[in-house]
Amino acid sequence: MWIEATIAMRFLRQGRAQSLLILCGIAVGVAVIVFVTALISGLQQNLIERTLGTQAHVRVEAPREVNLLAPAQPGTLQLVLEDPRPQALRPIDNWLQVRDVIGRLPGVTAVSPVVSGPAFGRRGDATESVALVGIDLARYLRVIPLHENMVEGRLDVGSGNGVVGRKLAEDLGLRTGGKLRLDAGNGREAVINVAGIFELGVRELDARYVYLDLKQAQSLLALPGGVTVIDVTVEDVFAADRMAARINGLTGLKAESWMQTNAQLMNALASQSMSTRMISFFVAISVALGIASVLAVSVAQRTREIGILRAMGTRRRQMLQVFLVQGAVLGLAGSAIGALAGWGLAAAFNTFGPKLFTIDLPPILVPAAMALATLAGTGAALVPAWRASRLDPVEAIRHA
Amino acid sequence: MPEPREVLRLEGLRKSYNIGKPNEVEVLHGIDLRLDSADFAALVGPSGSGKSTLLNLVGLLDSPTAGELYLGGQPTREMDDEARTALRGRHIGFVFQFHHLIGAFTALENVLMPWMVANGKPTPEIVDIARGLLADVGLEKFADRRPDQLSGGQQQRVAIARALVTRPSLLLADEPTGNLDTRTAADVFALLRRFNEQSGCAVLVVTHDPRLAGTCDRTISLVDGAIVSDKRHG
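Residues numbered from 1 in each chain as written. Chains lettered and ligands numbered in written order. Predicted model: local features only at pLDDT ≥ 70, side-chain atom pairs only at ≥ 80, totals over all residues.

Trainee: Tell me what's going on with the overall build of chain B, and back it up with residues and numbers.
Mentor: In terms of helices and strands, chain B carries seven helices and ten strands. Across its three principal axes, chain B shows a C-alpha extent of roughly 50 × 40 × 40 Å. Of all 234 residues assigned to chain B, the portion counted as buried reaches 46%. (Helix = DSSP H or I, 4+ residues; strand = E, 2+ residues; numbered from the N terminus. Buried ≥ 20, exposed ≤ 12 C-beta atoms within 10 Å, placed from the backbone.)

Encoded structure:
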């Protein structure tokens, strides 16, 4: 293989202008593939992180209330006109056991019981509708990193304290240390100290959420000792679907994964991935065609030299290898430059870009792109190399 | 002087083109020829007489339509491309009318090329042999020059050194002096003659130049695809 590689490298060096041009072409193509792939995966990562920063991977609730109908008697036809039942706030039966059962499932990393229901928040003449969320703080933080989202005060939900969203604080003119009156209807009222203000970055949550201690929320919502939701965190976020189905099967409770809740987001992510793959595929095709055409020209230009080499005893297989090596070297070198350029683009994006999110080059991306480009280069060289190996030496030497 | 041994034997060699088509034409009509190790033969004949075709057949670059070609006693007609290529690399050296060096390699590397395509990375011994051959053709100082930095005569001398590096038993030269001036042509011919005498390698030269043909030991005349005379002289 030594002489084939040597001849290949000398041919590439001799046609320097051609080689450099096609190297640039390959580099641009690979840079585009690397950058676009990294950009889209960074964007998706960010979207998923943001989405999961404010919601659990799986949300387990009591099953919805439905009308139970007596079965129709045999031979009769039953026509039913039913009113859907109102969905009153219902606790999960035996939630302690449910929590422990789910917590022991392999793949589950955190389980957090939550009691949640509607109320009004009042300060002076202003009234806002709020969502009371009673949490077991230590457990809840393993599901939603609320402590990372505090903008004021401290995260404290114990002994008459609570934390509120930033928008709600603005609407009611609340500050850390202020008082907030909560009215859950039927005369159940409480006044809490605003210990801190958080901002989750989701307007709806920031305008409505009031986090309280589990017990206080239970008494306000008239669900003593009960919880309405069990939030679950899983190891593999994309396995949340399967986990939800499993929990449903095990407990009979309604379990919904973040993927079901965000079906549109999942659809958008899938379309993005598809378009990234399409871009990469077509860029790779055009790079391969570029390599093929450069080598085809090279074979035409070197017809006579190929003839001489054949006359001197160079075998067909060796001639084939000379041009395959050229394709592989072009692919490898071009993709190395391109990967570096792609990395540079990503770094520039992180430094000078909109800074909405950062692009991390997945470690596998560069070697994968280089391996792919080398393979594509070798593949693209197949036709010209085959032609070179099939040249009739007599004809080739006569070739002017 | 050792006893001459047979290098090449042609028996009833025929070559046709466009076989099976209306324009089928036979270029060589049954050539019988034998070349021995000490032979220094000129192949002469008018244009279109089939000299180049014969040379290509002898050089195993092309295969005959009928007849047999023995190289070093081995029949070659039934060989596949791989075997013919290997045999060609071992036994035959080529010198073409247009020097035909590989532009991407230096003079020394060009001389080494036939050895390298057969054996890979050159050993110090073969490099010494190649340098010696370059010295023999008077180009030891030009070993590291590229072909485009050499004159036509120098390039042709490099090509001769290249043809000899594998110590072939048969050297084929197609109008090796065709594009050289008279003096350089005589020098190149003298070189071929010297190698023929030194190494006992048989030489077959196609030439148009009757003066140069006259310096050979043997003149084979080809007319219309048939040998019309085969004279030994000198």
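Trainee: A description of helix α4 (residues 124–136) of chain B should follow, citing residues and the corresponding values.
Mentor: All names here are of chain B. For α4, which comprises 13 residues, the first-to-last C-alpha distance of 18 Å matches the rise-based estimate of 18 Å (1.5 Å per residue) to within 8%. What α4 keeps buried is the set Ile 129, Ala 130, Leu 133 and Leu 134. In an axial view of α4, the angular spread of the buried residues amounts to 140 degrees, which keeps them on one side of the axis. Those residues of α4 that are exposed and aimed more than 90 degrees away from the buried face are Pro 124, Glu 125 and Asp 128. Its buried side turned inward, α4 meets α3 (107–119) and α5 (152–164). Downstream of α4 by one or two residues, Gly 138 has phi in the positive range, about 75 degrees. (Expected span 1.5 Å × (residues − 1). Arc of directions from axis to C-beta. Contact = placed C-beta atoms within 7 Å.)

Trainee: Explain the packing of α3(B) against α4(B) to me, using residue names and the numbers behind them.
Mentor: Residue and element names in this part refer to chain B. Where α3 meets α4, the closest approach of the two axes is 9 Å, and the angle between their N-to-C directions is 125 degrees. By the angle between their directions, the pair α3 and α4 is classed as oblique. Crossing angle aside, the handedness with which α3 passes α4 is right-handed. Contacts between α3 and α4 involve Ala 107, Leu 108, Val 111, Leu 112 and Trp 115 from the former and Ile 126, Val 127, Ala 130, Arg 131, Leu 133 and Leu 134 from the latter. (Axes fitted to C-alpha atoms, helices over the stretch in contact; angles between N-to-C directions. Parallel < 35°, antiparallel > 145°, perpendicular 65-115°, else oblique. Left-handed = near helix turned anticlockwise from the far one by under 90°.)

Trainee: Run through the environment of Val27(B), naming residues and quoting values.
Mentor: Residues and elements named next belong to chain B. Position of Val 27 among the secondary structure elements: in strand β2 (residues 25–36). Taking the C-alpha atoms as reference points, Val 27 and Gly 50, 23 residues apart in sequence, are found 6.0 Å from one another. Residues in contact with Val 27, not counting those within four places in the same chain, are Lys 15, Ser 16, Tyr 17, Gly 50, Thr 53 and Gly 225.

Trainee: Tell me about the sheet that holds strand β1 (residues 6–17) of chain B, residues and numbers included.
Mentor: Residues and elements named next belong to chain B. On the basis of which strands lie adjacent, the open sheet formed by four strands has the order β2-β1-β4-β5 and antiparallel pairing. Each of the sheet's edge strands pairs with one partner strand only, and the pair in question is β2 and β5 (74–75). Here β1 runs beside β2; their pairing, made up of nine bridges, is antiparallel. Looking at the pairing, Leu 10 lines up with Leu 33 of β2. (Pairing = 2+ DSSP bridges.)

Trainee: Tell me about the interface of chain B and chain A, and please be specific about residues and values.
Mentor: Taken residue by residue, the interface counts 24 residues in chain B and 20 residues in chain A. For the side of chain B that touches chain A, the secondary-structure elements that each account for two or more residues are α2 (81–91) and α3 of chain B. It is α2(B) that contributes the most residues to the side of chain B that touches chain A, six residues altogether. Considering only residue class, the side of chain B that touches chain A consists of twelve nonpolar, seven polar and five charged. (Nonpolar A, V, L, I, M, F, W, Y, C, P; charged D, E, K, R; others polar.)

Trainee: Quick one: what's the story with the sheet that holds strand β9 (residues 218–223) of chain B, residue by residue and with numbers?
Mentor: Residue and element names in this part refer to chain B. Strand order in the open sheet made by the six strands is β6-β7-β8-β3-β9-β10, with mixed pairing throughout. Two strands in the sheet have a free side with no partner beyond their single neighbour: β6 (92–95) and β10 (226–232). Going across the sheet, the axis of each strand differs from the next one's by a mean of 15 degrees, ignoring polarity. As paired elements, β9 and β10 share six bridges and run antiparallel to each other. Each residue of the ladder has a partner; that of Leu 222, found in β10, is Ile 227. Here α5 sits on the sheet in contact with β6 and β7 (170–174), set at roughly 170 degrees to β6.

Trainee: Which residues make up the domain arrangement of chain A, and what values do they have?
Mentor: Accessible area lost upon the coming together of the parts serves often as the stated size of an interface. On domain assignment, one finds that chain A holds domain 1 (2–49 + 266–398) and domain 2 (95–252). The C-alpha centroid of domain 2 of chain A is placed 54 Å from the C-alpha centroid of domain 1 of chain A. (Domains from an automatic or database assignment.)

Trainee: Describe the packing of helix α2 (residues 16–53) of chain A against helix α10 (residues 263–301) of chain A, listing the residues and the values that go with them.
Mentor: Residue and element names in this part refer to chain A. Where α2 meets α10, the closest approach of the two axes is 10 Å, and the angle between their N-to-C directions is 175 degrees. Looking at the two axes, α2 sits roughly antiparallel to α10. Counted by class, the contact of α2 with α10 contains 15 nonpolar, eleven polar and no charged residues.

Trainee: Describe in detail helix α8 (residues 240–251) of chain A, supporting the description with residues and values.
Mentor: If you check α8(A), its first and last C-alpha atoms are 16 Å apart, about what twelve residues at 1.5 Å a residue would give, namely 16 Å. In the segment just after α8(A), Gly252(A) is the residue with positive phi, at about 75 degrees.

Trainee: A description of unusual backbone geometry should follow, citing residues and the corresponding values.
Mentor: Of note, the phi angle at Asn186(A) is positive, near 55 degrees, even though the residue is not glycine. Examined against the element boundaries, Asn186(A) turns out to sit in the loop between β6 (179–183) and β7 (189–198). Of note in this structure, Leu60(B) is not a glycine but carries a positive phi near 60 degrees. Take Leu60(B): it is sitting in the loop between α1 (51–58) and β4 (66–71). Leu60(B) sits in the buried class, given 25 other C-beta atoms within 10 Å.

Trainee: Hey, could you go over the pairing of β6(A) for me, with residue numbers and the actual values?
Mentor: All names here are of chain A. Alternating residues of β6 divide into Leu 180 and Leu 182, all buried, and Lys 179, Arg 181 and Asp 183, none buried. With three bridges connecting them, strand β2 (residues 108–123) and β6 associate as antiparallel partners. The partner of Phe 120 across the bridge, within β6, is Asp 183. With five bridges connecting them, β6 and β7 associate as antiparallel partners. Following the sheet pairing, Leu 180 is matched in β7 by Ile 192. Turn length for the β6-β7 hairpin, with the two strands adjacent in sequence and antiparallel, is five residues, and the turn residue Gly 185 shows positive phi of about 85 degrees.

Trainee: Account for the environment of Ala341(A), with residues named and values stated.
Mentor: Residue and element names in this part refer to chain A. Within the fold, Ala 341 resides in helix α12 (residues 316–352). A sequence separation of 298 residues divides Ala 341 from Leu 43, and the C-alpha atoms of the two residues are 20 Å apart. Residues contacting Ala 341, with those up to four places away along its chain left out, are Ala 27 and Ala 31.

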